[in-house]
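Structural overview for review
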Amino acid sequence: MTGAKRKKESVLWSKMHTPHCEDIKQWCRRRIPILEWAPHYNLKENLLADTVSGITLAVQQVTQGLAFAILSSVHPVFGLYGSLFPAIIYAIFGMGRHVATGTFALTSLISANAVERLVPQSSQNSTTPSNSSLLGLTDFEVQRIGVAAAVSFLGGVIQVAMFMLHLGSATFLVTEPVISAMTTGAATHVVTSQIKYLLGIKMPYISGPLGFFYIYAYVFENIRSVRLEALLLSLLSIVVLVLVKELNEQFKGKIKVVLPVDLVLIIAASFACYCTNMENTYGLEVVGHIPKGIPPPRAPPMNVLSSVVTEAFGVALVGYVASLALAQGSAKKFKYSVDDNQEFLAHGLSNVIPSCFFCIPSAAAMGRTAVLYSTGAKTQVACLISCLFILVVIYAIGPLLYWLPMCVLASIIVVGLKGMLIQFRDLKKYWNVDKIDWCIWVSTYVFTICFAANVGLLFGVICTIAIAIGRFPRARTFSIKNMKEMEFKMKTEMDDETLQQVKIISINNPLVFLNVKKFRTDLTNLIHKENASNLPLDDVNKCEQNTLLSSLSNGNCNEEASQPCSNQKCSFILDCSGLTFFDYSGVSMLVEVYLDCKDTNVDVSLANCTDSLIKAMEYYGNLDSEKPIFFESVSAAIHNIYSNKNLNKLSDHSEV
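Throughout, a residue's number is its position along its own chain's written sequence, starting from 1. It should be noted that, the model being predicted, local features are given only for residues of pLDDT at least 70 and side-chain atom pairs only at 80 or more, the latter also being counted only at that level, while totals for whole chains, interfaces and linings use all residues. To get the side-chain values, take all heavy atoms of the structure and skip hydrogens and water.

**With respect to the overall build of the protein chain**
Each helix corresponds to a stretch of at least 4 residues labelled H or I by DSSP, and each strand to a stretch of at least 2 residues labelled E; elements are numbered beginning at the N terminus. Of the regular secondary structure elements, the protein chain holds 28 helices and seven strands. Taking all 656 residues of the protein chain together, the buried fraction comes to 47%. Here, residues are in contact when the closest pair of their heavy atoms is within 4.5 Å. Counted over contacts in the protein chain with a minimum sequence separation of 6, partners at least 24 positions apart contribute 84%. Here the term buried applies to any residue with accessible area under 20% of the maximum for its type, exposed to any over 50%, and partly exposed to those in between, with areas from a 1.4 Å probe on protein chains only.

**Notes on the nonpolar core**
Throughout, nonpolar core names a set of buried Ala, Val, Leu, Ile, Met, Phe, Trp, Tyr and Cys residues whose side chains join them through atoms within 4.5 Å. Ranked by size, the top nonpolar core spans 114 residues in total, and within it Leu 66, Phe 78, Tyr 81, Leu 106, Val 408, Leu 409 and Leu 457 carry the most contacts. Of all the elements, helix α7 (residues 139–164) adds the most residues to this core, at 13 residues. Phe 78 has contacts with Ala 69, Leu 137, Glu 141, Ile 145 and Phe 358, leaving out every residue within four places of it along the chain. Counting 29 residues, the second-largest nonpolar core is a separate cluster that includes Ile 505, Leu 579, Val 591 and Cys 609.

**Section: the environment of Asn 531**
Tracing the backbone through its elements, the reader meets Asn 531 in helix α24 (residues 516–533). Note on Asn 531: relative accessible area 19%, which makes it buried. Separated by 39 residues in sequence, Asn 531 and Cys 570 place their C-alpha atoms 6.1 Å apart. Other than its neighbours up to four places away in sequence, Asn 531 contacts Cys 570, Phe 572 and Val 602.

**Points about the pattern of salt bridges**
For salt bridges, the criterion is a side-chain nitrogen of Lys or Arg within 4 Å of an Asp or Glu carboxyl oxygen. Tallied over the full model, the rule gives ten salt bridges. Connected via shared salt-bridge partners are Arg 520, Glu 592 and Asp 596.

**Notes on the pairing of strand β6 (residues 604–607)**
Burial along β6 is two-sided: the face carrying Val 604 and Leu 606 and the face carrying Ser 605 and Ala 607 are both buried. With four bridges joining them, strand β5 (residues 571–575) and β6 adopt parallel strand pairing. Note that in β6 the partner of Asp 575 across the bridge is Ala 607. Here a crossover is taken to be right-handed if, once the strands point away from the viewer, the path from the first strand over the helix to the second is traced clockwise. Read as a crossover between parallel neighbours, the route from β5 over helix α26 (residues 584–599) to β6 is right-handed. At least two DSSP bridges between two strands are needed for those strands to be called paired.

**Some thoughts on the pairing of β5**
For β5, a buried count of five out of five residues is recorded, marking the element as mostly surrounded by other parts of the structure. Side chains of β5 alternate between two faces, with Ser 571, Ile 573 and Asp 575 and Phe 572 and Leu 574 buried alike. Across five bridges, the pairing between strand β4 (residues 502–507) and β5 is parallel. What sits directly across from Lys 503, in β5, is Phe 572.

**Section: the packing of aromatic side chains**
Classification of ring pairs uses Phe, Tyr and Trp, with its six-membered ring standing for Trp, and accepts pairs whose centres are within 6.5 Å; under 30 degrees between planes counts as stacked, over 60 as edge-to-face, and the remaining range as tilted. Taken as a whole and assessed by the stated rule, the structure comprises 15 aromatic pairs. Ring centres of Tyr 274 and Trp 403 lie 5.4 Å apart, and the angle between their planes is 70°; on these two criteria the pair is classed as edge-to-face. Within this pair, whereas Tyr 274 is found in helix α12 (residues 261–276), its partner Trp 403 is found in the loop between α17 (381–397) and α18 (406–416), the two being separated by 129 residues in sequence. Here Phe 334 and Tyr 373 contribute two aromatic rings whose centre-to-centre distance is 5.7 Å and whose plane-to-plane angle is 50°, an arrangement assigned as tilted.

**Re unusual backbone geometry**
Here the phi dihedral of Ser 73 falls at roughly 65°; this positive angle occurs in a residue that is not glycine. Inspection of the secondary structure assignment puts Ser 73 in the loop between α4 (43–71) and α5 (77–93). Of note in this structure, Lys 335 is not a glycine but carries a positive phi near 60°. Positionally, Lys 335 belongs in the loop between α14 (309–334) and α15 (340–352).

**A few points about α18**
Within α18, ten of the eleven residues are buried, which leaves it mostly tucked inside the rest of the structure. Every buried residue of α18 is listed here: Met 406, Cys 407, Val 408, Leu 409, Ala 410, Ser 411, Ile 412, Ile 413, Val 414 and Val 415. Buried residues belonging to α18 abut α4, α8 (176–193), α9 (195–199), α11 (228–250), α12 and α19 (418–421).

**Quick notes on a nonpolar patch on the surface**
Among the surface-exposed residues, Ile 55, Leu 388 and Phe 389 lie close enough to one another that they form a single nonpolar patch of about 270 Å² accessible area. Looking at where Ile 55 falls in the secondary structure, it is placed in helix α4. We classify Ile 55 as partly exposed; its relative accessible area is 37%. A residue counts toward a patch only above 30% relative accessible area and without a salt bridge, and it is joined to like-charged neighbours within 9 Å or, for Val, Leu, Ile, Met, Phe, Trp and Tyr, to nonpolar neighbours within 5 Å. Methods summary: accessible areas were calculated by the Shrake-Rupley approach with a probe of 1.4 Å, and residue burial reflects only the protein chains presented.

**Considerations on the environment of Met 366**
Looking at where Met 366 falls in the secondary structure, it is placed in helix α16 (residues 366–374). The class of Met 366 is partly exposed, set by a relative accessible area of 23%. In this structure the C-alpha to C-alpha distance between Met 366 and Ala 325, which are 41 residues apart in sequence, comes to 9.5 Å. With residues up to four places along the chain from it excluded, the contact list for Met 366 reads Leu 326, Gly 419, Met 420 and Gln 423.

**Things to note about the side chain of Ser 83**
Positionally, Ser 83 belongs in helix α5. From its side chain, Ser 83 meets the backbone oxygen of Gly 79 in a polar contact 3.0 Å long. Setting aside residues up to four positions removed in sequence, Ser 83 forms contacts with Gln 61, Gly 65, Gly 102, Thr 103 and Ile 390. Here a polar contact means two N or O atoms within 3.5 Å. Within protein one must be a hydrogen donor candidate and the other an acceptor candidate, and residues neighboring in sequence count only if both atoms are side-chain atoms.

**Regarding the state of the cysteines**
Cysteine sulfur atoms are paired as a disulfide whenever they come within 2.5 Å of each other. All chains considered together, the criterion is met by zero disulfides. Cys 463 forms no disulfide, and the closest cysteine sulfur to it belongs to Cys 439, at a distance of 9.8 Å. Classification of Cys 463 by relative accessible area gives buried; the value is 18%.

**Points about the packing of α4 against α17**
Close contact between α4 and α17 brings their axes to 7 Å; oriented N to C, the two are set at 50°. Taken as axis vectors, α4 and α17 run oblique relative to one another. In this structure, α4 crosses over α17, and the sense of that crossing is right-handed. Contacts between α4 and α17 pair Leu 47, Asp 50, Thr 51, Ser 53, Gly 54, Ile 55, Leu 57, Ala 58, Gln 61 and Val 62 from the former with Val 381, Ala 382, Cys 383, Ile 385, Ser 386, Phe 389, Ile 390 and Val 393 from the latter. Side-chain classes follow a simple rule in which Ala, Val, Leu, Ile, Met, Phe, Trp, Tyr, Cys and Pro form the nonpolar group, Asp, Glu, Lys and Arg form the charged group, and the remainder, Gly included, forms the polar group. The class makeup of the residues in the contact of α4 with α17 is twelve nonpolar, five polar and one charged. Simply put, an axis is a line fit to the C-alpha atoms, just over the touching stretch for a helix, and the angle between two N-to-C directions goes from 0 to 180 degrees. Throughout this description, any angle smaller than 35 degrees is read as roughly parallel, any larger than 145 degrees as roughly antiparallel, any in the 65 to 115 degree range as roughly perpendicular, and the remainder as oblique. Take the far helix as your reference; a near helix turned counterclockwise from it by less than a right angle gives a left-handed crossing, and one turned clockwise gives a right-handed crossing.

**Regarding helix α20 (residues 426–433)**
Within α20, the full set of buried residues consists of Asp 426, Leu 427 and Tyr 430. The arc that holds every buried residue of α20, seen down its axis, measures 100°, which confines them to one face. Relative to its buried face, α20 has exposed residues pointing more than 90 degrees away, namely Lys 428 and Asn 432. Buried residues in α20 make contact with α8 and α21 (435–450). Directions pointing from the helix axis toward each C-beta atom define the arc.

**Quick notes on the confidence of the model for the protein chain**
Here the protein chain averages 82 in pLDDT, while 83% of its residues score no lower than 70. The pLDDT score gives, residue by residue, the confidence of the prediction method on a 0 to 100 scale. When mean pLDDT is taken per element in the protein chain, α5 scores highest with 95 and helix α25 (residues 537–552) scores lowest with 39. Ignoring residues within four places in sequence, the model shows residues 484–498, a span with pLDDT below 50, making 19 contacts including any to other chains. Across residues 537–567 the pLDDT falls below 50, and counting only partners more than four positions away or on other chains, this stretch makes twelve contacts in the model.

Given below as C-alpha cells:
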C-alpha cells in the first residue's frame, strides 16, 4: 500500500514538474517570434514589397555603417559588419516588423568615448601590421575595434540582464517628450561630429562636458583651414539628397519604385573622385581601403570590460529607449503589439552575439524605419534581404568604395537625420498641451547637447519622476457621484430626504504616502460641509450655543450641551473600485477617518473593496464588528442605510 502510494505521488510529481511539449512550443514562439510569423509568411503578397524595401534599406545600411564606424573611431569595414549581424539577430528575436537594427549614431558616439580614451590617436603606428593578420589591418585598428566590441558585448549583457529582471515594464518612466528631446539632442551631436568632414578640415577628437561648444569654437578659430572643394561638394550633395527625397515622398503614390538617390550619389561621387583624382589634387579625404570578407569570430577582450562600464550602460539604455520608441510607433501604426521586455532580449542578443564578429554597438535608427515605411515593407524579411546585399558589398563591392569622399558620406548622414532634427516642431505641441512637458523637453535637450545622450536621458527621467511626485499630492483624490447617474435603479420606496442625505464618494487615485494628507483634508472638509448644509437654521444656532457652552465650561458641560448637534446626519459611501493600490499610510488614514466619523455620529460605509484592503483595515484598526461597513457594491450599501433608517423609525414609533 505504501509503495503504491509512493508510486502515485511520484507520478503526480513528475506530471507537475515535467514541461509538456506544447508548453515548450509556446515558450519558443513567445521568445523567438520568427517561429510565429515565418510559417504564415505570404510570398505572393509580401515578397515583392519586402524585396524592394530590402534593396533600398541595404543602401542606407551600407552608407550609415561606413559613417557610424568612423564616428565610433574604428575602421569603416567594421560598420559593414555592424549592419549585417545585428539585423539578422533582431529579425529572429525582435517583434518590430519595421525596425531595422544596425549601426546607430547615438551608440557610436558613446562607444567612441571609450575607444578614444583607451586607444588614443597618439598611440597609432600605421606601419605595424597586426600580428593576428586580421584582414591585414594594423594593431592600432584591431585594438580599437576590440574596445568597441567590448562596449557592445557588455551593453548587450546589461540588456539581457534587464530582460531577466523584467525591467521592460519600467519603460513608462521614459516619456515621449524625454525620448524626443534626447534623440534630437543626439542628432545635433552627430551633425556636429560631421562638421569636420563637411568642411574638409583636420580636427582632433573633442569630447566630454561642453565638447559640443568646443568643437564649434575650434571650427571658428580655424575657419581659414576650410577646403572650398569639400564645402561645395557637401552643399551640392545635401541639396540633391533633399530635393530628390522630397520628390520621392511627394510622388510615392504615383511611382512604383523609389529612386535610390543615396546609391546614385555614392556611385557618381566615387566615379568622379576616381577620374579627377580628388584625393591628391584637391586633398579631399576619402573612405580608403575596405578589405574583403568577414574574419573568423573572436570573443572581445575581457580585460577592458571594467574600463567601459559607463559607456556600456549608456549604450544599453540609450539604444534600447530609441529602438523601443520606433518599435512601439510601428506597432501603433500597423495595429500589432510589441512586448517591451522581449525587446530587451532582442537588442541584448543583437549586441552580445555580433560583438564576437567585430561589430560596434547597434540599435534601431529612425532613418531606416522611415525607409521601410516609405517603401512598403511588410515584415522583417525586408531586413534579411538587405543582409544579402550587404554580404555582396562585403565580399565584392567593398573595395570599390575606396574613392568615396568623406564629405559626401557626411552629407548622406546629415540628411538621414532629418527625421530626428525636425522633432523641434514638437515644441509647439508640448507648449499648447502641457507647458511642464515643454520645459522637460527643453531641459533634456540642453543637458544632452551639453553632456551626452545618456546624461540627457537620465536627467529627463529624473525630472519626470520628480514632477510626477510633486503633482501627485495635488491631484484630485475623489469625486462625488450623482445618485441620478448611478448605473442601478432603486426599486424600493426611498423618500427624497434619504436620497439627499446619502453621498457617494468615488476614490479615483491610489492611496499612498504621497497623497493621503490631501485626501484626508478634502474628505474631512466635505463631511463637515455636508453636515452643516443638512442642519436647519435653529439647529445651527443651537449647535453654536452648545459649542460655546462646551468651550466656556472647560469640559464640565451638562449632558444636553455635549450631545451631537444634528439629528439629521448625512451618510457617506466610499466607492473603492478606483482604489488600485495602497500602502500602510493609506490604510491607516482610512481607518482613522472611519473612527473619527464614528465618534461624530457620521455613518461611513465602504463599497467595492478588495479582499486585501478589507484584511489590511481590519488588521490595522479596531473596527465596529456589530455594524457592517464593507459592502460588495454601492447598491448594497444604500440598501443597508435605508434598512437602518426604517428600523430607527420603527423604534421611535414603538417608544411613542
